[in-house]
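Observations on the three-dimensional arrangement
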Amino acid sequence: MGRIKKKGVAGQAKNFITRTQAVRKLQISLPDFRKLCIWKGIYPREPRNKKKASKTSNASTTFYYTKDIQYLLHEPLLQKFREQKALEKKISKALGRGDAGDAHRLEKNANRPEKTGKTKYTLDHVIRERYPTFIDALRDLDDCLSMLFLFANLPSTPTVPAKMIARCEKLCLEFQHYLIVSNSLRKSFLSIKGIYYQATIQGQDILWLVPYKFNQRVTGDVDFRIMGTFVEFYQTLLGFVNFRLYTSIGLVYPPKFDKSKDDQGAELGAFALEGNGIGAIAQPKQIPGTEPAKPDPKLQKEIDKLMSQLNQPEEEAKEPATSQTLPGEEDEEEQATDTIDKFEPAAPGGDILLQPSYSATDPSTLFSNFTFFLSRETPRQPIEFILKAFGCKRIGWDSVLGEGAYTHNELDPAITHQIVDRPPIQVDPEEEQAEDNQTAQKLKPGSRVPGRIYVQPQWIWDSVNDEELKRPDLYAPGAQLPPHLSPFVKKVRGQYDPSAPLNEQEREDEELEAASDDEADVSDDEMAVQEPKLLTNDEVDATAEGMDVAGSEDDDSEEAEEDDDAGSFGGFSDAEEEEEDEATSSAIRRQRELEAELTGVALEEKDVDPRAKAKADARKKAAKRSKEEEEELERAKMMMSRKKRKIMEKMVYSNKKKDAEAEKLRAKRRKIEKSGKGPERN
């Protein structure tokens, strides 16, 4: 006889443990247990059979792996939590005795990060455990940056202390300074949620979201205690990452921070970077306007002309090309070095691969030759960051936007571009003395600075994403802007591409098919909207009498016909109906021809609209093509197993759904372009 196994010592009952049992085993409170699990990366698990894993009848129990809880037993933070719990008990006892001095003395040793801004414990060892290499930390930096940038924009509340917000903002600005110095920023996108940024650091693409600088309203349905636990962990993580990034490019971390400038709204300008003398720092590029004076262009042109005339006889005196080096070979060698390989899909119908291309301009020097001035209505923080990340050294703005600007004078002659986000409104001479209403940029005719380019903020983002300077006239103040497309969407064959011309994406005769469908829908709507003809009283009476007489005679026949029709025929398919319509129309046309021949009267030929005929032909061709594709697909399914057939049906369904969505978007764009409301494309 085998040994009888005890219940709950093997299988799922041994592998899983409930949350109540875990808290009791660790001897900590539930909030501390949540903190510990978040920091250590331990999450609830779902057993295959809750009834076997649970020793109770409660079905809504939260389970954890038993080995994960045993792993937490050796965590040094447990002792910190137990000491804090014992200290809280002593404080409550002192307050119960009325001993305020003793309670105040114990309060100094308590963990109050919302008041002091510091904790009695550190998470350094947790960071080292969860991220054994620096690449692992970079891969997990997306959520970290999104959370810290979010908390940097929140207002201070009892659940979100001001010192936590200041710490988040400081870490984010330090990270932005690294991106500016290293030119690691690649793309950015303006969305409804906020501004997306993508940077490439040591080969890792990092994408994060920054909310807009609006007044945030903190609601009560968000648990900021849980989010604060994540923020506390992410602050330690970003501090480690910033230290490693700064030292890798030869900068001292943390950078010098000027609190007085920060109080005046300088933000990025409140930090002063300095080298540590170990690594090599990239030399700052020369600011335009500080380079040495160039010679007169006319004089330089004459000198170049004379030098070319002197060098011409020497070139003609050179030996002709020998048989070993033919003239064509040199051109081929040069062409071979200039061209680059292209990736082609291995099979027809495959995804379009990203083709390598030479960048005409270095992204890190995109705005290096310009001086910008930001108007009061523009968002200063994101524009300043993205301009500095792409090489701009001189950015000015109005004094109301804060300190740290290159200049506060809007009439500075060194300014080449001004960013405005309000349409210009011409002011009457009588209203010149009136006070500005702060709602629009009031400009008199000719009041703009001559030689300066005025653009809207989207020009910066589109230039950065395309890695080239866009045409400024398309982004002039008050102009209808081109569509702002996401740079993170990868092009897939068959899907709608808003950046490509419409005629390159349309199927054959797609426009004619859409036009015929629209006309059919319009005719159906017109028929449905037609009001019924109103009958007179005499007609109503006559109709009623006829119905009574006919109804008494035909009741039996109608019932018999209904019985015969029930289940006898299910209707025609679209293809069969079209074939019957064609046969009927041809027969009618042949009958008319014979009657006209017998009577000797010439048959009247109706004028056929060529466009209507083309639409009808396109519709018939599309129906025939779809029918052939369905028949071919059915023949292919017959040779497949059931599993492969199901997979193929899913693929066909998803492809048809994607094609329908792409066709819908193309039709929408076609209507916009026909109406003339679409923006001009370059």
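Just above, that's the structure.
Being a predicted model, the structure only gives us computed values, none of them experimental. For every chain, the first residue of its written sequence is number 1, and the numbers climb from 1 along that sequence. Only residues with pLDDT of 70 or above have their local features reported here, since the model is predicted, and side-chain atom pairs are shown and tallied only from 80 upward, although totals for entire chains, interfaces and linings are computed over all residues. Heavy atoms throughout the structure, all of them, feed into the side-chain values; hydrogens and water do not.

Only centres within 6.5 Å qualify two rings of Phe, Tyr or Trp (six-membered ring in Trp) as a pair; their planes then separate them into stacked at under 30 degrees, edge-to-face at over 60, and tilted for everything else. This model, assessed by the stated rule, comprises 22 aromatic pairs. Geometrically, the ring pair formed by Y197 and F385 is edge-to-face, given 5.4 Å between the ring centres and 75° between the ring planes. Of this pair, Y197 sits in strand 4 (residues 195-201) while F385 sits in helix 17 (residues 380-389), placing them 188 residues apart in sequence. Per residue, the accessibility class of Y197 equals that of F385, and both read buried. Following the ring pairs from residue to residue traces out a cluster consisting of F149, F175, Y197, W208 and F385. In this structure, R244 packs its charged tip against the face of F134, placed 4.8 Å from the ring centre. The criterion for a charge sitting over a ring is simple: Lys NZ or Arg CZ within 6 Å of the ring centre, and within 35 degrees of the ring normal. Sitting over the ring of W397, R380 keeps its end group 4.4 Å from the ring centre. Helical segments are the DSSP runs of H or I of at least four residues, strand segments are the runs of E of at least two, and each set is numbered from the N terminus. Exposure classes here rest on a 1.4 Å probe applied to the protein chains alone. A residue is buried below 20% of its type maximum, exposed above 50%, and partly exposed in between.

In this structure, the amide linkage connecting Y253 to the following residue, P254, adopts the cis form with an omega of -5°. Tracing the backbone shows P254 in the loop between helix 13 (224-248) and strand 6 (256-257). Even without glycine at this site, Q27 takes up a positive phi of about 60°. Exposure remark for Q27: the relative accessible area of 55% places this residue in the exposed category.

This part covers the packing of helix 3 (residues 30-40) against helix 13. Axis lines are fitted to C-alpha atoms, over the contacting stretch for helices. Their N-to-C directions set the angle, which ranges from 0 to 180 degrees. Their axes nearest at 10 Å, the elements helix 3 and helix 13 cross at an angle of 40°. In terms of axis orientation, helix 3 runs oblique to helix 13. Where helix 3 crosses over helix 13, the two elements pack in a sense that is right-handed. Here R34, K35, I38 and W39 of helix 3 come into contact with helix 13, specifically with I226, T229, F230, E232 and F233. Only Asp, Glu, Lys and Arg are considered charged in this grouping, and only Ala, Val, Leu, Ile, Met, Phe, Trp, Tyr, Cys and Pro are considered nonpolar; every other residue, Gly among them, is considered polar. Of the residues that constitute the contact of helix 3 with helix 13, the class distribution is 5 nonpolar, 1 polar and 3 charged. Roughly parallel here means an angle under 35 degrees, roughly antiparallel means over 145, roughly perpendicular means 65 to 115, and every remaining angle is called oblique. By the definition used in this description, the sense in which the near helix is turned from the far one sets the handedness, with an anticlockwise turn below a right angle giving left-handed and a clockwise turn giving right-handed. Contacts are residue-level and defined by heavy atoms, with any inter-residue pair within 4.5 Å sufficient.

For the rest of this paragraph, the subject is helix 6 (residues 77-97). Three- or four-residue spacings in an α-helix give side chains the same orientation, since the helix completes a turn every 3.6 residues. Compared with an ideal rise of 1.5 Å per residue, which puts 21 residues at 30 Å, helix 6 spans 31 Å between its outermost C-alpha atoms and is within 8% of the ideal. All of the buried residues along helix 6 are L77, L78, F81, Q84, L87, I91 and A94. Considering only its buried residues, helix 6 is in contact with helix 2 (19-26), helix 3, helix 5 (66-72), helix 7 (100-109) and helix 9 (124-130). Helices are assigned an expected span. That span is 1.5 Å times one less than the residue count.

Turning our eyes to something else, we now look at the environment of V241. Inspection of the secondary structure puts V241 in helix 13. Note: C-alpha distance between V241 and L141 (100 residues apart in sequence) is 9.0 Å. Setting aside its immediate chain neighbours within four residues, V241 contacts F134, A137, L138 and L141.

Moving on, we come to the sheet that holds strand 13 (residues 453-455). When DSSP finds two or more bridges between a pair of strands, those strands are recorded as paired. Sheet architecture is open: 4 strands sit in the order 9-8-10-13, paired in parallel fashion. If you trace the sheet from one side to the other, it starts and ends with strand 9 (394-397) and strand 13, each paired once. Within this sheet the neighbouring strands show an average axis-to-axis angle of 25°, counted without direction. Of the strands in this sheet, strand 8 (371-374), strand 9 and strand 10 (417-419) touch helix 17, which is tilted by about 165° from strand 9.

Right, let's get into the nonpolar core. We call a set of buried residues a nonpolar core when its members are Ala, Val, Leu, Ile, Met, Phe, Trp, Tyr or Cys and they connect through side-chain atoms within 4.5 Å of each other. Residues L141, F151, W208 and F367 are the most contacted members of the largest nonpolar core, which totals 92 residues. Not counting the four nearest positions on each side in its chain, F151 is found in contact with V160, M164, I165, C168, F224, M227, G228 and V231.

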